[in-house]
Amino acid sequence: MTALAALTGHYLRVSFGNKFSLVFSALQPFLYLVLFGPLFDRSGVGSWAVLVPGLLVQLGLTSAGMAGFTIVFDQRFGVLERLRVTPVSRVTLLLGRVLRDSVVLLVQAVAIVVAAYALGLRAPLAGVLGALLLTTVLSVGMASLSYTAALTLRQELFAPVMSTLVVPLMLLSGALLPMSLAPAWLDVVSRLTPFRYAVEGLRALFAGSYASSALVWGVVVSLAFAVLGVTLGTSRFQRENA
């Protein structure tokens with residue numbers, strides 16, 4: 001635990017020292033909030049309480065989903081080679097990065113929610129706090145899979161592959177428009193992704209529906225996704241640093 005705390009603290013200091021990266025990774029959902037949010041709220045399709053949960057999932061896809069960039073650079077500059085000779089466990093080496101990414105995403109998510117309240121969001125505090133926790137759980141799985149992809153793909157392929165995946169996953173999740181508006185075939189495809197359930201669970205929390213089936217499924221699928229991501233990431237990390 002001491003090694004994990006020290007490693008996470010080191011990564012956090014590096015991340016929060018780079019203010020540009022911190023802001024830039026949250027820029028896309030923030031722009032959707034400011035430029036698309038007022039139109040969405042007035043369209044009759046949904047409200048701020050429908051859009052903001054979707055933007056939190058979008059944040060997880062864009063911020064935690066691109067976390068593997070740090071591994072790409074560490075590979076390029078020989079940092080991973082030096083980590084191989086340290087006594088720190090491979091699980092700790094992964095979790096230190098993932099916890100850093102989750103804390104960073106949580107700070108970004110709080111900033112987006114605060115801005116949304118200023119623009120007109122009205123949601124119960126308990127639901128918002130639960131949504132932030134669920135978003136953090138989802139980010140654990142996403143960041144872990146991002147590191148897995150970065151260690152598996154060739155360095156020059158990571159960015160284009162992940163960038164290509166993020167957009168369809170975001171659209172299929174119903175982050176921007178409720179999937180109830182989609183044709184039947186698209187609705188079926190969207191249910192094959194974990195992010196659809198996360199979005200619906202977050203929207204249930206923002207609506208104060210704490211006993212709904214959407215929230216139960218959102219929590220179960222997000223936890224399973226996090227466990228799967230950490231398991232795959234740990235396995236890949238161990239092979240890389242064996």
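Residues numbered from 1 in each chain as written. Predicted model: local features only at pLDDT ≥ 70, side-chain atom pairs only at ≥ 80, totals over all residues. Heavy atoms only, no water.

Caption draft 1: Representation of the overall build of the protein chain within the structure. Check the secondary structure of the protein chain and you find twelve helices and zero strands. Along the protein chain, from the amino end to the carboxyl end, the secondary structure elements read α-α-α-α-α-α-α-α-α-α-α-α. Its C-alpha radius of gyration of 18 Å places the protein chain within 12% of the 18 Å reference for a compact globule of 242 residues. Principal-axis analysis of the C-alpha atoms places the extent of the protein chain at approximately 60 × 35 × 35 Å. Split into buried and exposed, the 242 residues of the protein chain put 50% on the buried side. The long-range fraction of contacts in the protein chain, counting pairs at least 24 apart against all pairs at least 6 apart in sequence, stands at 78%. On the protein chain, roughly 11500 Å² of surface is accessible, and the fraction owed to carbon and sulfur atoms is 73%. (Helix = DSSP H or I, 4+ residues; strand = E, 2+ residues; numbered from the N terminus. Rg over C-alpha atoms; globule rule 2.2 N^0.38 Å. Buried < 20%, exposed > 50% of the residue type's maximum accessible area, 1.4 Å probe, protein only. Contact = heavy atoms within 4.5 Å. Areas by Shrake-Rupley, 256 points an atom, 1.4 Å probe, with all protein chains shown as cover.)

Caption draft 2: Examining helix H3 (residues 27-43) more closely. Relative to the 24 Å expected for 17 residues at 1.5 Å per residue, H3 spans 23 Å between its end C-alpha atoms, a close match to the ideal helical length. Residue Phe36 marks the point of greatest curvature in H3, where the axis turns by about 50 degrees; the proline Pro38 follows within four residues. Among the residues making up H3, those that are buried are Pro29, Leu33, Gly37 and Phe40. One or two positions beyond H3, positive phi appears at Gly44, with a value near 90 degrees. (Expected span 1.5 Å × (residues − 1). Bend = angle between axes of the 7 residues up to and from the residue.)

Caption draft 3: Molecular detail of a nonpolar patch on the surface. The grouping of Phe20, Phe24, Leu27, Phe30, Leu31, Val34, Leu35 and Leu119 at the surface amounts to a nonpolar patch, some 780 Å² of accessible area in total. Elements supplying a minimum of two residues to the nonpolar patch: helix H2 (19-24) and H3. Take the nonpolar patch: its biggest share by element is five residues, from H3. Tracing the backbone through its elements, the reader meets Leu27 in helix H3. (Patch = residues over 30% accessible without salt bridge, like charges linked within 9 Å, V, L, I, M, F, W, Y side chains within 5 Å. Salt bridge = Lys/Arg side-chain N within 4 Å of Asp/Glu carboxyl O.)

Caption draft 4: Representation of the pattern of salt bridges within the structure. All chains considered together, the criterion is met by four salt bridges. In this structure, Asp187 and Arg196 form a salt bridge, with 2.9 Å as the shortest nitrogen-oxygen distance. One salt bridge connects Glu200 with Arg196, and the closest N-O pair in it is separated by 2.6 Å. On the criterion of helical spacing, the pair formed by Glu200 and Arg196 is a turn pair, its members being four residues apart in helix H11 (residues 194-206). Shared partners join several salt bridges into a network, and the residues in it are Asp187, Arg191, Arg196 and Glu200.

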